[in-house]
Amino acid sequence: MAFSTCIRFTASCLLLSRQQRLSFPVLCDLRFLSGVSRRTPSVRAVRAKRREEEGDEGRGGDSGNGRCRCCSGALCRTLGGWIEACSPTPTFFIIDLDILALTHQDAIPAVAHQNHSITFSLEIYNPNKRIDIYYNSTDITFHFSNVSVGAVMVGSFHQDFRERTQINGSMNLMNRKLLKAIFGADSNTTIDLEVNVVTVVRYRIFGSKTRRRRIDVWGHVPIGSQGQMNETVKIIMTHHIPH
């Protein structure tokens, strides 16, 4: 600003000197009286100072952006961990369970020579909003009198938010004690069959998967003398061993 003012004042003085025929000392006195500094910085010095200021601003801006990126990443991780901790786990239901065998009259003498099987239907509900769930392999085990009578493994799968997934399966049943308890009992007698589901899940939050979480639930299923589940509604599986 001072340099441009000096240039304009010098040009005005030169024009005045041509018109009034003033000498050079008078011009210097006029410049002095006008308050314009005689030591005007050179163009090279001005450019160097400007480059230095721009460099300082650039370094400050990059470090600020780096700090902002670090802070935003930490904030996203903290928020994602909090959402994961507050997110409800999927709910497991037992829809149907049948033990296919002979009729009640023929079951007792031939129970050791016939192939029996358990057919079941499970339902998994994801109650989360805008959070998908990824399941690893799922182990489904059936217990009678604290003894495992069979197991089935289901492969990994993905479940969208607010979605219900149904799993249907079957397995061979060779436990003679269970078969006698079912088909050798009175028509009004029921037995207790326990179903255990174990899996590992990961949530998808903000486009990335969370750490793995283990799920271990149990269901208490009453079985009648015809090998069918007595309950007509879904059985909710809980996170503790039923008694």
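Shown above is the structure to which this text applies.
Small disclaimer: the values here were computed from a predicted structure and weren't measured.

Take the overall build of the protein next. Across its full length, the protein holds five helices and 11 strands. Out of the 243 residues belonging to the protein, those deemed buried represent 34%. In the protein, of all internal contacts separated by at least 6 residues, the share reaching a separation of at least 24 is 68%. Per element, the accessible surface of the protein, about 15,600 Å² overall, is 53% carbon and sulfur.

What the four strands build is an open sheet, ordered E7-E2-E1-E11; its pairing is antiparallel. Looking at which strands have only one partner, the edges of the open sheet turn out to be strand E7 (164-173) and strand E11 (235-236). Across two bridges, the pairing between strand E1 (residues 91-100) and E11 is antiparallel. Pairing of Ile94 across the sheet is with Ile235, part of E11. Helix H5 (residues 176-183) contacts E1, strand E2 (116-125) and E7 of the sheet and is inclined by roughly 80° relative to E1.

This part takes up the packing of aromatic side chains. As enumerated under the stated definition, the model contains two aromatic pairs in all. Geometrically, the ring pair formed by Tyr135 and Phe157 is stacked, given 4.4 Å between the ring centres and 15° between the ring planes. With Tyr135 in strand E3 (residues 132-135) and Phe157 in strand E6 (residues 157-159), this residue pair connects regions lying 22 residues apart in the sequence. By the burial criterion, Tyr135 is buried, and Phe157 matches it. Looking at Lys209, its charged tip hangs above the ring of Tyr134, at a distance of 4.1 Å from the centre. Over the ring of Phe93 we find Lys234; its NZ or CZ atom is 5.5 Å from the centre of that ring.

What follows is about the pairing of E3. As defined by bridge partners, E3 adjoins strand E8 (residues 191-205) across four bridges and the pair is classed as antiparallel. Note that in E8 the partner of Asp132 across the bridge is Arg204. Pairing of E3 with E6 involves three bridges; the strand directions are antiparallel. By the bridge assignment, Ile133 is partnered in E6 with Gln159.

Summarising the element assignment, Asn230 is placed in the loop between strand E10 (213-223) and E11. The class for Asn230 is partly exposed, based on a relative accessible area of 40%. Spatially, the C-alpha atoms of Asn230 and Asp96 are 9.5 Å apart, while their sequence positions differ by 134 residues. Setting aside anything within four residues of it in sequence, one finds Asn230 in contact with Thr190, Pro222, Ile223 and Gly224. Within the structure, Asn230 has its side chain in polar contact with the backbone nitrogen of Gly224 (distance 3.5 Å).

What counts as what
Residues numbered from 1 in each chain as written. Predicted model: local features only at pLDDT ≥ 70, side-chain atom pairs only at ≥ 80, totals over all residues. Heavy atoms only, no water. Helix = DSSP H or I, 4+ residues; strand = E, 2+ residues; numbered from the N terminus. Buried < 20%, exposed > 50% of the residue type's maximum accessible area, 1.4 Å probe, protein only. Contact = heavy atoms within 4.5 Å. Areas by Shrake-Rupley, 256 points an atom, 1.4 Å probe, with all protein chains shown as cover. Pairing = 2+ DSSP bridges. Axes fitted to C-alpha atoms, helices over the stretch in contact; angles between N-to-C directions. Phe/Tyr/Trp six-rings, centres within 6.5 Å; stacked < 30°, edge-to-face > 60°. Lys NZ or Arg CZ within 6 Å of the ring centre and 35° of its normal. Polar contact = N/O pair within 3.5 Å; in protein donor to acceptor, adjacent residues only side chain to side chain.

Honestly, it's all geometry; don't read function into it.
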